[in-house]
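The chain contents come next:
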Amino acid sequence: MTMAGDDQYERGLAALREAAGDAAQRLLDSLADVSPELSRRSVTWSYGDLYVRPDLTRRDRELLTLGILTGLGAAEAQLEVHVNGALNAGLTPSEIVEALLQAVVYCGVPRAVNATLVAKKVFAERDLLPVRPTPAG
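First things first, this report covers the structure right here in the doc.

Thresholds, definitions, all that
Residues numbered from 1 in each chain as written. Predicted model: local features only at pLDDT ≥ 70, side-chain atom pairs only at ≥ 80, totals over all residues. Heavy atoms only, no water. Patch = residues over 30% accessible without salt bridge, like charges linked within 9 Å, V, L, I, M, F, W, Y side chains within 5 Å. Areas by Shrake-Rupley, 256 points an atom, 1.4 Å probe, with all protein chains shown as cover. Salt bridge = Lys/Arg side-chain N within 4 Å of Asp/Glu carboxyl O. Helix = DSSP H or I, 4+ residues; strand = E, 2+ residues; numbered from the N terminus. 1 Å grid on protein atoms, 1.4 Å probe; cavity = no way out; pocket = protein on both sides within 12 Å on 5 of 7 lines; lining within 4 Å. Points joined across faces, edges and corners; volume = space filled by probe spheres on them. Nonpolar A, V, L, I, M, F, W, Y, C, P; charged D, E, K, R; others polar. Buried < 20%, exposed > 50% of the residue type's maximum accessible area, 1.4 Å probe, protein only. Contact = heavy atoms within 4.5 Å. Core = buried A, V, L, I, M, F, W, Y, C linked by side-chain atoms within 4.5 Å. Axes fitted to C-alpha atoms, helices over the stretch in contact; angles between N-to-C directions. Parallel < 35°, antiparallel > 145°, perpendicular 65-115°, else oblique. Left-handed = near helix turned anticlockwise from the far one by under 90°.

Describing a nonpolar patch on the surface
Turning to step 1, where the next piece is worked out: A cluster of nonpolar side chains, contributed by Leu 101, Val 104, Val 105, Tyr 106, Val 109, Val 113 and Leu 117, occupies part of the molecular surface with about 700 Å² of accessible area.
Turning to step 2, where the next piece is worked out: Breaking the nonpolar patch down by element, the ones donating at least two residues are α6 (93–107) and α7 (109–125).
Turning to step 3, where the next piece is worked out: Looking at which element gives the most residues to the nonpolar patch, the answer is α6, with four residues.

Written out as structure tokens, the structure is:
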């Protein structure tokens, strides 16, 4: 890999760790003995190039990513990373739950339920349960 590629990987790894902390490392570790190249390329491209672009805030990127992963379905490992990332970017548990509730209309009940159960797992790990709705007003 070129020096520029190494810089992009290091920038991506820093962005990923900032976004998702330990959840990111667990996902990277899970790929280490089967496809370290997949891990490296996803960090380099997704986080070292796209994730750090300036036109969307990290908070907005995480909210958008939650919706996309919910819509895709079968993305629980990535959802875990991005629920952590959303919390780390300043979204509240109630905002995350509301976003996943919104997904019911466009993605279907099973996908929204699965995503919400991933969020519940992350909230439990971070001692954020029960989730209370944000007061109106």
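Notes on the layout of surface pockets
Turning to step 1, where the next piece is worked out: Estimated volume of the largest pocket: approximately 550 Å³.
Turning to step 2, where the next piece is worked out: Along its surface, the largest pocket is lined by 21 residues, and Ser 46, Tyr 47, Thr 65, Gln 78 and His 82 are the ones closest to its centre.
Turning to step 3, where the next piece is worked out: Residue composition of the lining of the largest pocket, by class: 15 nonpolar, five polar and one charged.

Details of unusual backbone geometry
Turning to step 1, where the next piece is worked out: Note that the residue after Leu 129, namely Pro 130, is joined by a cis bond; omega there is -5°.
Turning to step 2, where the next piece is worked out: Structurally, Pro 130 can be placed in the segment after α7.
Turning to step 3, where the next piece is worked out: Phi at Ala 74 is positive, roughly 50°, even though this residue is not glycine.
Turning to step 4, where the next piece is worked out: Position of Ala 74 relative to the elements: it lies in the loop between α4 (58–72) and α5 (76–88).
Turning to step 5, where the next piece is worked out: Not every positive phi belongs to a glycine, and Asp 127 is a case in point at roughly 55°.

Let's talk about the environment of Asn 88
Turning to step 1, where the next piece is worked out: Note on placement: Asn 88 falls in helix α5.
Turning to step 2, where the next piece is worked out: Under the relative-accessibility criterion, Asn 88 is labelled partly exposed at 31%.
Turning to step 3, where the next piece is worked out: Measuring from C-alpha to C-alpha, the distance between Asn 88 and Glu 18 comes to 7.8 Å, with 70 residues separating the pair along the chain.
Turning to step 4, where the next piece is worked out: If we ignore the near neighbours within four places in the chain, the residues touching Asn 88 are Glu 18, Ala 19, Ala 20, Gly 21, Arg 58 and Arg 126.

With respect to the nonpolar core
Turning to step 1, where the next piece is worked out: Grouped together as the largest cluster of nonpolar side chains are 15 residues, with contacts concentrated most on Leu 66, Leu 79, Val 83, Leu 87, Ile 96, Ala 119 and Phe 123.
Turning to step 2, where the next piece is worked out: Elements that contribute at least two residues to this core include exactly α4, α5, α6 and α7.
Turning to step 3, where the next piece is worked out: Take this core: its biggest share by element is five residues, from α7.
Turning to step 4, where the next piece is worked out: Among all residues touching Ala 119, those that are not within four sequence positions of it are Val 83, Ile 96 and Leu 100.
Turning to step 5, where the next piece is worked out: With 13 residues, the next largest nonpolar core counts Tyr 9, Leu 13, Ala 24 and Tyr 51 among its residues.

Describing the packing of helix α2 (residues 22–32) against α5
Turning to step 1, where the next piece is worked out: For the pair α2 and α5, the least separation of the axes is 8 Å and the interaxial angle reads 155°. Our classification of the angle between α2 and α5 gives roughly antiparallel. Judged by the sense of rotation from one axis to the other, the crossing of α2 with α5 is left-handed. Mapping the contact onto sequence places Ala 23, Ala 24, Arg 26 and Leu 27 in α2 and Ala 77, Glu 80, Val 81 and Asn 84 in α5.
Turning to step 2, where the next piece is worked out: A class-by-class count of the residues in the contact of α2 with α5 yields five nonpolar, one polar and two charged.

This is a description of form; function is not addressed.
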